[in-house]
Amino acid sequence: MNTSQSPFIEALRSSRVWDTELPAFDPDTAPAEPLPLFHAWFVSAVEAKAVEPHTMALASVDAGGRPDVRIVMLHDADARGWHFASHAGSAKGRQLAARPEAALTFYWPVQGRQVRVRGRVATGTPEEAYADLHARTPGALASALVGHQSEVLDSTRTLAEASAAAWERALREPEADAPSWTLYVVEPAEVEFFQGDERRRHVRLRYRRTTDGPGGWERELLWP
């Protein structure tokens, strides 16, 4: 079979990258720490109407040392680190319990920007997890109440029945708790900001933590 003529190859080769005007980024103007720059880039992505700018790829490692990655939602980014949440018994929850290290990637193609975060993962308190869960929509609570994340499902009918029951409970008991719901915080050791350039002179600025506390970061440029 001549795959060069297949619809997949034609679609792949016709796809463009950054078919838009890209913003400039002067790394000399970057702040001494990564968090203010992340906040500024995130706000800029929202203003540029990036699709789901609060989603990110989360990479972890399983018991066999094999990498695993999925898309999750950012819940906060503060002095502690980058926050997300999940069930402790999910695949990612088990992996992070065994090896509490992770990597995150945000990608905003409308501006040709990526942000990459690597570091150890800490868990929040049960009170923080409860507050996180109830700061969201009834649908999020219902989803958490369904539970069983990453377990084998015997049929879509079983899921529909469990989901209906969870929605009913979420509406009836808006203060209900999902005990396995866990808040995770990626405490950054490295944060990289990537600004794409149409002539492929991409700007890559990496922050590496040297010490805890204010000013504990080293900045360096990387070849694209």
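A brief look at the structure comes next. (Residues numbered from 1 in each chain as written. Predicted model: local features only at pLDDT ≥ 70, side-chain atom pairs only at ≥ 80, totals over all residues. Heavy atoms only, no water.)

Here's the deal with the overall build of the chain
Point 1. Helix and strand counts for the chain stand at 6 helices and 9 strands.
Point 2. With the C-alpha coordinates aligned to their principal axes, the bounding extent of the chain is approximately 60 × 55 × 40 Å.
Point 3. Burial status across the chain gives 36% buried among its 224 residues.
Point 4. For the chain, the proportion of contacts with a sequence separation of at least 24, taken over those separated by at least 6, is 64%.
Point 5. One way to put it: in the chain the 25 positive side-chain charges average out to a point 6 Å from where the 31 negative ones average out. (Helix = DSSP H or I, 4+ residues; strand = E, 2+ residues; numbered from the N terminus. Buried < 20%, exposed > 50% of the residue type's maximum accessible area, 1.4 Å probe, protein only. Contact = heavy atoms within 4.5 Å. Lys, Arg positive; Asp, Glu negative; His and termini not counted. Charge placed at Lys NZ, Arg CZ, Asp CG, Glu CD.)

Let's talk about the side chain of E192
Point 1. With respect to the helices and strands, E192 occurs in strand β7 (residues 181-195).
Point 2. In this structure the side chain of E192 is engaged in a polar contact, spanning 2.7 Å, whose partner is the side chain of R204.
Point 3. Those residues in contact with E192, other than ones at most four positions away along the chain, are Q114, V115, R116, R204, L205, R206 and L222. (Polar contact = N/O pair within 3.5 Å; in protein donor to acceptor, adjacent residues only side chain to side chain.)

As for the environment of V69
Point 1. Examined against the element boundaries, V69 turns out to sit in strand β2 (residues 67-73).
Point 2. Distance from V69 to L104, taken between C-alpha atoms, is 9.2 Å for residues 35 residues apart in sequence.
Point 3. If we skip the residues at most four places from it in the chain, V69 touches A57, L58 and A59.

Scope: geometric values only; no functional claims are made or implied.
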